[in-house]
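Each chain, written out:
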Amino acid sequence: MSGLILEQAQNLLLERVNMIKDAEEITLWDAGGRVLAKDIYAEHDQPPFPRSPLDGYAVRSADISTASKDHPVRLRVLEEVDAGHVGSRCVEPGTAVRIMTGAPIPDGADCIVGQEDTDYGEETVEVYEPIGSYENYCYAGEDYKAGTKILGEGLLLGAVEVGILASLGLEGVSVYRSPKAAVITTGDEIILPGEELAGGKIYDSNLHTLVTRLRMWGMEVTAKERVGDDAAFAAERIREAAGNADLVITTGGVSVGKKDIMHEVVKLLGCETIFWKIAVKPGMPTLCAQYQGKLLICLSGNPYGATVNLELLVRPLLCKMSGRPDLKIRRVRAVTESTFPKMSRVTRYVRGYYENGKVRIPDGSNASGILSTMCGCNCLIEIPAGTSRLERGDTADIILL
Ligand code: AMP
Ligand code: MG
């Protein structure tokens, strides 16, 4: 029995989580990538006053209706208004106010003549072109009006949305808190960077790969530690980590070896097992359980297997928990420029580079213990169960990373 198909596994997990609706107030500087917890209404018009879109002269359109290069209209210049300042004069027939871009349009004026259509006069100005009423005129509230709902609850805040919040004059914003994830790696052979590479040991790459990826997705990582292959100790560390996380992710110890401790850990914790094994390569022995209402996702220790299953199983969960649509799994079709010779009984995910509708597999090993050839890869090529081989020119489904 090779396990659940991926979609069933994803659904079994997804039905056990909800979007986290705890709100917190943060500064706009930290708001990118967060999800808005409240509707936002404008308290003022934007712009708050009618403003000039040009450097030129605020005039009455009726005064300059006959203006031309040969027969310019001469107007008396009352004053100059620069951006950030308010003038004191009203434009009366036969007069103009020198005005700069972004400055408030004075009362009486109904259009702006660009300075290129004048003689740039200081005391008086000659206008060479007629301008229609309310041409070159930015209305107050042209962007949005006071009282309008500007951004809705649940919206993902990107650069533009944060800019809009700033245009409203806000310094902070109420957002939903990010999911908290704990990452624990297992294995007596695993040592941390900085420790001495003794016989039989390897450095822990999973902890860094997983924590980095989770942070790239905007998650708060509340624990990141390595435990050995002692089930009781691992269970204790998971118990503690779960107290301060919405989700616990482990790597290693899920297969059928003597030291595959996670089966024992799940028992020690009194977890409900949701599934063990998925029909996916790499990462077939993935084990998922629920501990005190929180998901415990136990990924294979193989670095490529752990990386792929973080994308396939954990990313959709975090998408739902955080309410971030940008974390949805993104699939596209691509024409392969490589051949993949192996046949597989289960769906296989092969590392690839995707660009402009084409995908290729990097040179070197694609084995699940190999991480280095995944360097620079930006997608997983999905090879459906039972496909005999992937040939150059075949079209494949790919998952963008
Ligand atoms: P396991 O799933 O525990 O049987 O581990 C499968 C393979 O992945 C073994 O070769 C482990 O040494 C290796 N491995 C397990 N955990 C890690 C880790 N955190 N970093 C790098 N390699 C690991
Ligand atoms: Mg192990």
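Residues numbered from 1 in each chain as written. Chains lettered and ligands numbered in written order. Predicted model: local features only at pLDDT ≥ 70, side-chain atom pairs only at ≥ 80, totals over all residues. Heavy atoms only, no water.

1. Re the sheet that holds strand E6 (residues 111-114)
Across the sheet, five strands lie side by side as E6-E3-E5-E4-E7; this open sheet has mixed pairing. Since the sheet does not close on itself, it has two edges, and those belong to E6 and strand E7 (124-127), each with one partner. Strand after strand, the sheet turns through a mean of 40° between neighbouring axes, direction not considered. In this sheet, strand E5 (residues 95-99) lies alongside strand E3 (residues 56-59) in antiparallel orientation, the contact comprising three bridges. (Pairing = 2+ DSSP bridges. Helix = DSSP H or I, 4+ residues; strand = E, 2+ residues; numbered from the N terminus. Axes fitted to C-alpha atoms, helices over the stretch in contact; angles between N-to-C directions.)

2. Structural notes on the packing of aromatic side chains
To describe a pair of aromatic rings, you give the distance between the ring centres and the angle between the ring planes. Counting across every chain of the model gives three aromatic pairs. Here the aromatic rings of Tyr134 and Tyr139 are separated by 5.8 Å at their centres, their planes lie at 20°, and the arrangement is stacked. Judged by relative accessible area, Tyr134 falls into the partly exposed class, the value being 42%. On the basis of relative accessible area, Tyr139 is assigned to the partly exposed category, the value being 41%. Chaining the aromatic ring pairs together yields one cluster made of Tyr134, Tyr137 and Tyr139. When the ring centre of Trp276 is taken as reference, the NZ or CZ atom of Lys277 above it lies at 4.5 Å. (Phe/Tyr/Trp six-rings, centres within 6.5 Å; stacked < 30°, edge-to-face > 60°. Buried < 20%, exposed > 50% of the residue type's maximum accessible area, 1.4 Å probe, protein only. Lys NZ or Arg CZ within 6 Å of the ring centre and 35° of its normal.)

3. Some words on the nonpolar core
In terms of nonpolar packing, the biggest core is built from 42 residues, with Leu13, Leu214, Phe275, Ile297 and Leu318 touching the most fellow members. Put simply, the parts of the chain that give this core at least two residues each are helix H1 (6-14), strand E10 (180-185), helix H3 (206-216), strand E14 (247-251), strand E15 (272-276), strand E18 (294-299) and helix H6 (303-322). In terms of residue count, the dominant contributor to this core is H6 (11 residues). Formed jointly, this core draws a minimum of three residues from each of two domains, domain 1 (6-20 + 178-327) and domain 4 (330-400). (Core = buried A, V, L, I, M, F, W, Y, C linked by side-chain atoms within 4.5 Å. Domains from an automatic or database assignment.)

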